[in-house]
Structures are given as C-alpha cells and as structure tokens.
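Below, each chain spelled out in residue letters.
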Amino acid sequence: MNVPAGMETTLEDHTTALNEVSFLMDIFASTIDNIMGGATAPVGRIAGREMAQKLPVNLGNPSIKEALGVLAARMKAGFVFSLEGAGDQAKLVFDRCALREVCALRGLQTGTALCRLFHAYFDGIVNELICRPVKTENISCDGAQCRMNIRTQ
C-alpha cells in the first residue's frame, strides 16, 4: 500500500487508535448488555450467523473441527485457538485473544460483557458453518489462556 507523503503512521498513532477502539468496544458491549439485561447471547449469535454467511468459504457439511480450522486461519491476526478433545469433552482453547488485550487495556475482568458478546458471536459463526447450534461456556481464563467447553446439538 502506498502512503501519501507526510501521512506515515507512528507508534503513537497505533496506540491512540487501540485505546479508542478498545473504549468503543467496551462501551458497545456494555450498552448492549445494559439494554438486554445481560441477555446478549441472541444479539451475538445473530451477528455471528450473519457474518458466517458472508465468509467466502464453501465447506459443504463440515465437522466442528474443520469449521474451527477455517476460522482459526481467518482470525489468526487477533486470535490463536484450537480444539482439544471431541464430543461432550471438547474444549476450545484460546492461547491468544485480542479481546483479552482489550480487557487488560480497559481494566476489565475477562468473562464480562465484552467476552460474553464475543463468544455468542463466535458461537453464531460456528453454528452457521456446521448448521447446528453451538454453545461455548467459559471454564477458565487467566492472563495467558482461556478454556471453554464447546458443545453442539
């Protein structure tokens, strides 16, 4: 990409942008949570299903492992996640999560409105890709890794 003369982006520009985007994400998720009374899951799932319909992929009838593989490749700029186990014992492990970084920057505890909205959104994407309802439930989330149960119907 060619940048016009005098328009180079500095580290300070990136830091300012990250702060602004983090603030907006926090406010957006908190507002939805307040309006919906904590029932943000349907909003996230609907948005996730809509997003999945726009993905330029044709998976046919994929397994959850295949769908998550496609998503991991698409989301690798901000997220690193993998599937451990199978069936009712399956765990989704996020080793890198851009939202954990946002939470840290904003002083938010992980697992609150922003995380819940994202995971409902993520569930909606996977739901649409595999044509079955998907539900993730937080097991643990520390500063380095989040572990979720992931179930399908």
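These numbers come from a predicted model, not from an experiment.

### Observations concerning the overall build of the protein chain
Inference 1: Helix and strand content of the protein chain: 5 helices and 4 strands.
Inference 2: Counting helices and strands in the order they occur from the N terminus, the protein chain gives α-α-α-β-β-α-α-β-β.
Inference 3: With respect to the three principal axes, the spread of C-alpha positions in the protein chain is 55 × 40 × 30 Å.
Inference 4: Evaluated residue by residue, the protein chain yields a buried proportion of 33% over its 153 residues.
Inference 5: Contacts in the protein chain between residues at least 24 apart in sequence constitute 57% of all its contacts with a sequence separation of at least 6.
Inference 6: Across the protein chain, the 15 positively charged side chains and the 16 negatively charged ones have centroids separated by 8 Å.

### Considerations on helix 4 (residues 98-106)
Along an α-helix, residues three or four apart share an orientation, since each turn contains 3.6 residues.
Inference 1: Listing the buried residues of helix 4 in full gives Leu99, Arg100, Val102 and Cys103. Angularly, the buried residues of helix 4 cover 160 degrees about the axis, an arc narrow enough to put them on a single face.
Inference 2: At its buried positions, helix 4 is contacted by helix 1 (11-36), strand 1 (79-84), strand 2 (91-97), helix 5 (113-130), strand 3 (134-141) and strand 4 (146-152).
Inference 3: Backbone geometry just downstream of helix 4 places Gly107 in the positive-phi region, at approximately 70 degrees.

### Some thoughts on the side chain of His119
Inference 1: On the secondary structure map, His119 appears in helix 5.
Inference 2: Judged by its relative accessible area of 13%, His119 is buried.
Inference 3: Discounting chain neighbours no more than four positions away, the residues touching His119 are Phe94, Thr136 and Met148.

### Some thoughts on the side chain of Ser22
Inference 1: One can find Ser22 in helix 1.
Inference 2: Those residues in contact with Ser22, other than ones at most four positions away along the chain, are Val102, Leu105 and Arg106.

### A short note on the confidence of the model for the protein chain
Caution is warranted with low-pLDDT regions, since their predicted coordinates should not be read in detail.
Inference 1: Summarising the model, the protein chain shows a mean pLDDT of 90, and 96% of its residues fall at 70 or more.
Inference 2: No element of the protein chain has a lower mean pLDDT than strand 3, which averages 90, and none a higher one than strand 1, which averages 95.

### Quick look at a nonpolar patch on the surface
Inference 1: A cluster of nonpolar side chains, contributed by Phe23, Leu24 and Ile27, occupies part of the molecular surface with about 280 Å² of accessible area.
Inference 2: For Leu24, the location among the structural elements is in helix 1.

### Describing the packing of helix 1 against helix 4
Inference 1: With their axes 10 Å apart at the nearest point, helix 1 and helix 4 run at an angle of 95 degrees to one another. Of the possible angle classes, the one that applies to helix 1 and helix 4 is roughly perpendicular. Contacts between helix 1 and helix 4 involve Leu18, Asn19, Ser22, Phe23, Met25 and Asp26 from the former and Leu99, Val102, Leu105 and Arg106 from the latter.
Inference 2: Within the contact of helix 1 with helix 4, the residues separate by chemical class into 6 nonpolar, 2 polar and 2 charged.

### A look at the environment of Thr9
Inference 1: Mapped onto the elements of the fold, Thr9 is located in the segment before helix 1.
Inference 2: For Thr9, a relative accessible area of 52% translates into the label exposed.
Inference 3: The sequence separation of Thr9 and Val57 amounts to 48 residues, and the corresponding C-alpha distance is 33 Å.

### Brief notes about the nonpolar core
Soluble globular proteins: nonpolar side chains tend toward being buried together.
Inference 1: With 32 residues, the main nonpolar core has Leu71, Phe81, Phe94 and Phe122 as its most contacted residues.
Inference 2: Listing elements by their share of this core, those giving two or more residues are helix 1, helix 3 (64-74), strand 1, strand 2, helix 4, helix 5 and strand 4.
Inference 3: Ranked by the residues each element gives to this core, the list is headed by helix 5, at 10 residues.
Inference 4: Discounting residues that sit within four places of it in the chain, Phe94 has contacts with Phe79, Val80, Phe81, Arg100, Phe118, His119, Phe122, Ala144, Gln145, Cys146 and Met148.

Cut-offs and rules
Residues numbered from 1 in each chain as written. Predicted model: local features only at pLDDT ≥ 70, side-chain atom pairs only at ≥ 80, totals over all residues. Heavy atoms only, no water. Helix = DSSP H or I, 4+ residues; strand = E, 2+ residues; numbered from the N terminus. Buried < 20%, exposed > 50% of the residue type's maximum accessible area, 1.4 Å probe, protein only. Contact = heavy atoms within 4.5 Å. Lys, Arg positive; Asp, Glu negative; His and termini not counted. Charge placed at Lys NZ, Arg CZ, Asp CG, Glu CD. Arc of directions from axis to C-beta. pLDDT = per-residue confidence, 0-100. Patch = residues over 30% accessible without salt bridge, like charges linked within 9 Å, V, L, I, M, F, W, Y side chains within 5 Å. Areas by Shrake-Rupley, 256 points an atom, 1.4 Å probe, with all protein chains shown as cover. Salt bridge = Lys/Arg side-chain N within 4 Å of Asp/Glu carboxyl O. Axes fitted to C-alpha atoms, helices over the stretch in contact; angles between N-to-C directions. Parallel < 35°, antiparallel > 145°, perpendicular 65-115°, else oblique. Nonpolar A, V, L, I, M, F, W, Y, C, P; charged D, E, K, R; others polar. Core = buried A, V, L, I, M, F, W, Y, C linked by side-chain atoms within 4.5 Å.

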